[in-house]
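# Secondary and tertiary structure notes
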Amino acid sequence: MRGGVCRPLLTNASRPRERSEGTACGIFSYYVRNMKKQRDPIGRADPQERDPTMPWLPVAASLSQRLGRGVRRGRGALRPAAALVALGAAAAVTAGALALRIHILDAAHRDLEIKAGLAAEALALRLARRPDGAVAEGQWDALLPPVDIGPGGALALLGHDGEVLARVPSAAAAAERPGIPPGRPGGGVATVGPAGSARLVAWRVLPATGLVLVVSREEAVVLLPWRRGVTIAATAVLGMLGIAAALGGLAAAARARAHASDAALAASEARAALVADALDVAIWFRDSPTSAPRFFGDSVQRITGRDRALLESRPGVWADIVQHPEDRPALRAARAAADAADAAGAPPSDRASTFRIVRPDGEVRWLASRTRRLGDGASVGVLHDVTELKHAQAALARREAELAEVVRMARIGTLRVLPGHDLVEPSAELVSLWGLPEGGPALPLHRFLAMLGKERRAAMLEMLASVRRSGGPAELEFSVRLADGTLRHAWARARQDSGGEGEPALVLVCQDITERRTAERALAQAQRLSALGHLTGGVAHDFNNLLTVVLLNLARIASAAEPGSTAAEAAPPAIRAAATAARLTAQLLAFAGRQ
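Computed from a prediction, not measured in an experiment: that's the story for all the values here.

## Some details on the overall build of the protein chain
Counting secondary structure elements, the protein chain contains 16 helices and 16 strands. Taking all 595 residues of the protein chain together, the buried fraction comes to 34%. Counting only contacts in the protein chain whose residues sit at least 6 apart along the sequence, the fraction spanning at least 24 positions is 50%. Total accessible area computed for the protein chain in this model is approximately 33,700 Å², and 59% of it derives from carbon and sulfur atoms.

See below:
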């Protein structure tokens, strides 16, 4: 207390403890504890007595202490900056409110002290003007000087024994007697009365007469404007504390959802890696067209022979060192087209491609890729090593080409008789062999039968019916008259095709045997000529032997005949005729030798 005015003091006992809470909540709680545990700054005697002008303090104290303990213990729901800002604002408003209260009370005390001094001087002058200084009973009220104390104010004059001699207004004068501390010569200030009806009191002792002039005001009236402002501020503070708690709860829920999302994402990535390793495929994900891909699992290392970290190190690594140089332009063009489609707002779509890669050891492998654009710039894809499949496809293509060449050389084709439609579908080989319309619709069965020889149409129908009944194969040889009038010979083997549902179709494997039949006829002719040659040679040889005997005998007859005789004249023509027959026989022998 200085100059008779009670002032708030912070003693060592009231300073914050060494283990400071370190937050705005701690500061706020400290002020509240001081209000409860320390002596009231304006001198109220009961430290546990609650101040009715601040009913919100217990609630705010409880909230702030709980929030302070939450922040101090590291509760996840109260770590956001918004909660700390709200608590800091609450502490600042509370400290300001307390400081303003003290300042208002202090200013009111000083004002009362000044007015008490002025009133005492005015009363002393009035008493000095009386010649005898005596004042009759009942005249003291008139001697009190007019003083504008303010709302809730009162002015009283006390005698030597503490008796109230005069008071203005009279209804409040009774409250000035109790509680004035004794032994304070000259005057002073104090707060007297119980909580709720306390008054701010200032007094001055008139030295000449010993009278005591008392000026007072109701504490509640003095603090009324402050209480209204504090109520508004307290409402805002409590709202901020509620907002802080709500924000903390929302932040905790958001963090919980984020943790759950992270856990779900980690589990999804683990499942993707497990699937990729189990199927021996490379699964990748890219956030944007310019970001580096991220691979799941270790299959990409087995497929490419390169470290996974290298492939994920930067964009473009895959195109620069993994893709085959000859395939890069086409792949870049396809990716540019896909990026342009995304930029134009095209709906997400899948893109499949097959390309080659080069492993570090120089081995070339084939990969099948399927990429899905997700529409927001991100994309996901799967890579599968199809090298063995490519090799098998190439070998199969070679075998099919060889088989096609064999079929072409063997002049083989198929006719497919559709069930229930009486339609015949010729294969491409028969279309080429028989001059049928290429790529046209299936032929009606009756048109096909019209191409056969009349003698074989019934046989063809009987064979088809027999295969339908028994299911077993049957064979038939027939002739086909082409559109240009050419007659072709064919052989067919019919069987049921059980690959479809319902009534099976009939498949006729047909072979054009025209050249074979021509060759067979030529062979038969050659064989007949050979037999005739052998026969002619035998006959000529025997006939030549007979001619030899004839010539020898004719020569003997001619040498033995008398000149001029009939024998001599007939012998030379006979010899000449026999010689001619011998030359013909020699020619026959020569022909037989060639055969």
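## Brief notes about the pattern of salt bridges
By the definition in use, this model includes 22 salt bridges. Put simply, Asp 106 and Arg 110 hold a salt bridge, and the shortest N to O gap is 3.0 Å. Taken together, the residues Asp 106 and Arg 110, both in helix 3 (residues 81-129) and four residues apart, mark about one turn of the helix. In this structure, Lys 115 and Asp 111 form a salt bridge, with 3.2 Å as the shortest nitrogen-oxygen distance.

## Topic: the sheet that holds strand 14 (residues 474-481)
Taken in spatial order, the six strands of this open sheet run 13-12-11-16-15-14, and their pairing is antiparallel. Sheet topology places strand 13 (443-444) and strand 14 at the edges, where each strand pairs with a single neighbour. Bridge analysis of strand 11 (residues 412-418) against strand 12 (residues 423-426) gives four bridges, and the strand direction is antiparallel. Following the sheet pairing, Val 417 is matched in strand 12 by Val 424. Sitting on the sheet, helix 15 (residues 514-560) touches strand 14, strand 15 (487-497) and strand 16 (505-512), and the angle it makes with strand 15 is about 125°.

## A word on the confidence of the model for the protein chain
On average, residues of the protein chain score 75 in pLDDT, and 78% of them reach the 70 mark or higher. Within the protein chain, the element-level pLDDT minimum falls on helix 1 (residues 24-37), averaging 41, and the maximum on strand 9 (residues 364-373), averaging 89. Considering only residues more than four positions removed or in separate chains, one finds that residues 1-57, a stretch of pLDDT under 50, has 95 contacts. Low pLDDT, under 50, characterises residues 71-78; the stretch is placed with 16 contacts to residues that sit more than four places away or in other chains.

## Re helix 14 (residues 454-470)
Between its terminal C-alpha atoms helix 14 stretches 26 Å, which fits the 24 Å expected from 17 residues at 1.5 Å a residue. All of the buried residues along helix 14 are Met 460, Met 463, Leu 464 and Val 467. Mapping the buried residues of helix 14 onto a view down its axis gives an arc of 95°, with all of them on the same face. Opposite the packed face of helix 14, turned more than 90 degrees from it, sit the exposed residues Lys 454, Glu 455, Ala 458, Arg 469 and Ser 470.

## Details of the packing of aromatic side chains
Under the criterion given, the structure shown has one aromatic pair. A cation over a ring is seen here: Lys 390 above Trp 366, with NZ or CZ 4.6 Å from the ring centre.

## Here's the deal with the nonpolar core
Of all hydrophobic cores here, the largest spans 29 residues; its most connected members are Leu 415, Trp 434, Phe 448, Met 460, Met 463, Phe 478 and Leu 508. When sequence neighbours within four positions are dropped, the list of residues in contact with Met 460 reads Phe 448, Leu 449, Leu 452, Leu 476, Phe 478 and Leu 508. Counting residues in each nonpolar core, the second largest holds 28 residues, with Ala 108, Leu 123, Ala 166 and Val 189 among its members.

## Focus: a nonpolar patch on the surface
Together, Leu 529, Leu 532, Leu 535 and Val 539 line one region of the surface with nonpolar side chains, adding up to about 370 Å² of accessible area. Residue position: Leu 529 is located in helix 15. A relative accessible area of 39% means that Leu 529 is categorised as partly exposed.

## Side note on the pairing of strand 1 (residues 153-158)
Among the six residues of strand 1, six are classified as buried, and the element is accordingly described as predominantly covered. Here strand 1 shows two buried faces, one formed by Gly 153, Leu 155 and Leu 157 and the other by Ala 154, Ala 156 and Leu 158. Examined bridge by bridge, strand 1 and strand 5 (residues 212-218) share six bridges and lie antiparallel to one another. Note that in strand 5 the partner of Leu 157 across the bridge is Leu 213.

## As for helix 11 (residues 387-410)
Over its 24 residues, helix 11 extends 34 Å from the first C-alpha to the last, a length consistent with the 34 Å expected when each residue adds 1.5 Å. Among the residues trailing helix 11, Arg 411 stands out with phi positive, at a value near 55°.

## Some details on the side chain of Thr 304
Along the chain, Thr 304 turns up in helix 7 (residues 299-304). Here the side chain of Thr 304 touches Val 300 through a polar contact of 2.7 Å, landing on its backbone oxygen. Among the polar contacts made by the side chain of Thr 304, one reaches the main-chain amide nitrogen of Arg 306 at a distance of 3.3 Å. Apart from the residues within four sequence positions on either side, Thr 304 is in contact with Leu 311, Trp 318, Val 322, Ile 357, Arg 359 and Pro 360.

## Focus: the side chain of Arg 328
Within the secondary structure layout, Arg 328 lies in helix 10 (residues 328-343). Although buried, Arg 328 forms no salt bridge, and the nearest oppositely charged side chain, Asp 320, lies 6.0 Å from it. Dropping the residues within four chain positions of it, Arg 328 is found in contact with Ala 319, Asp 320, Ile 321 and Gln 323.

## So, the sheet that holds strand 9
Reading across from one edge, 7-6-10-9-8 is the order of the five strands in this open sheet, with antiparallel pairing throughout. For this open sheet the edge positions go to strand 7 (294-296) and strand 8 (350-358), each flanked by a neighbour on one side alone. Across this sheet, the average inter-strand angle for adjacent strands is 25°, counted without regard to direction. Two elements, strand 9 and strand 10 (residues 379-385), share seven bridges in a ladder whose sense is antiparallel. Paired with Arg 370 across the two strands is Val 382, which belongs to strand 10. Those strands touched by helix 6 (residues 224-279) are strand 6 (281-286) and strand 7, and its axis lies near 70° from that of strand 7. Here helix 10 sits on the sheet in contact with strand 6, strand 8 and strand 9, set at roughly 155° to strand 8.

## Comments concerning unusual backbone geometry
The phi angle of most residues is negative, glycine excepted, and most peptide bonds adopt the trans form. Despite not being glycine, Asp 280 shows a phi value in the positive range, around 55°. Summarising the element assignment, Asp 280 is placed in the loop between helix 6 and strand 6. Overall, Asp 280 belongs to the partly exposed group, its relative accessible area being 37%.

Each value, and the rule that gives it
Think of each chain on its own: its residues are numbered from 1, step by step along the sequence as written. Reporting in this predicted model follows two pLDDT cut-offs: at least 70 for local features of residues, and 80 or more for side-chain atom pairs to be given and counted; totals over whole chains, interfaces and linings ignore these cut-offs and use all residues. Only hydrogens and water are set aside when side-chain values are computed; all heavy atoms of the structure are taken into account. Strands here are runs of E lasting at least two residues and helices are runs of H or I lasting at least four, both read from the DSSP assignment and numbered beginning at the N terminus. Partly exposed describes any residue whose relative accessible area lies between the buried limit of under 20% and the exposed limit of over 50%, with all areas from a 1.4 Å probe on protein chains only and scaled to the type maximum. When checking whether two residues touch, look at their non-hydrogen atoms; a contact exists if any pair is within 4.5 Å. Exposure was quantified through the Shrake-Rupley algorithm and a 1.4 Å probe, taking into account, for residues, occlusion by the shown protein chains and nothing else. Throughout this description, the term salt bridge denotes a Lys or Arg side-chain nitrogen within 4 Å of a carboxyl oxygen of Asp or Glu. Here a strand pair is declared whenever DSSP counts at least two bridges between the two strands. For helices, the axis comes from a line fit to the C-alpha atoms of the stretch in contact; other axes are also lines fit to C-alpha atoms, and the angle between any two N-to-C directions lies between 0 and 180 degrees. On a scale of 0 to 100, pLDDT captures the predictor's confidence in every residue. For a helix, the expected span equals 1.5 Å multiplied by the number of residues minus one. When we speak of the arc, we mean the arc of directions from the helix axis to the C-beta atoms. Within 6.5 Å between ring centres, the rings of Phe, Tyr and Trp (the latter by its six-membered ring) count as paired, and their orientation is classed by plane angle as stacked under 30 degrees, edge-to-face over 60, tilted in between. Charge-over-ring placement is defined geometrically: NZ (Lys) or CZ (Arg) within 6 Å of the ring centre, and within 35 degrees of the ring normal. Residues belong to one nonpolar core when they are buried, are Ala, Val, Leu, Ile, Met, Phe, Trp, Tyr or Cys, and are joined through side-chain atoms within 4.5 Å. Residues with no salt bridge and a relative accessible area higher than 30% make up the patches, which join like charges within 9 Å and nonpolar side chains (Val, Leu, Ile, Met, Phe, Trp, Tyr) within 5 Å. Polar contact is the term for a pair of N or O atoms within 3.5 Å; when the atoms are in protein, one must be able to donate a hydrogen and the other to accept it, and sequence-neighboring residues count only if both atoms are side-chain atoms. By the counting rule applied here, Lys and Arg register as positive and Asp and Glu as negative, while His and the ends of each chain are not counted.

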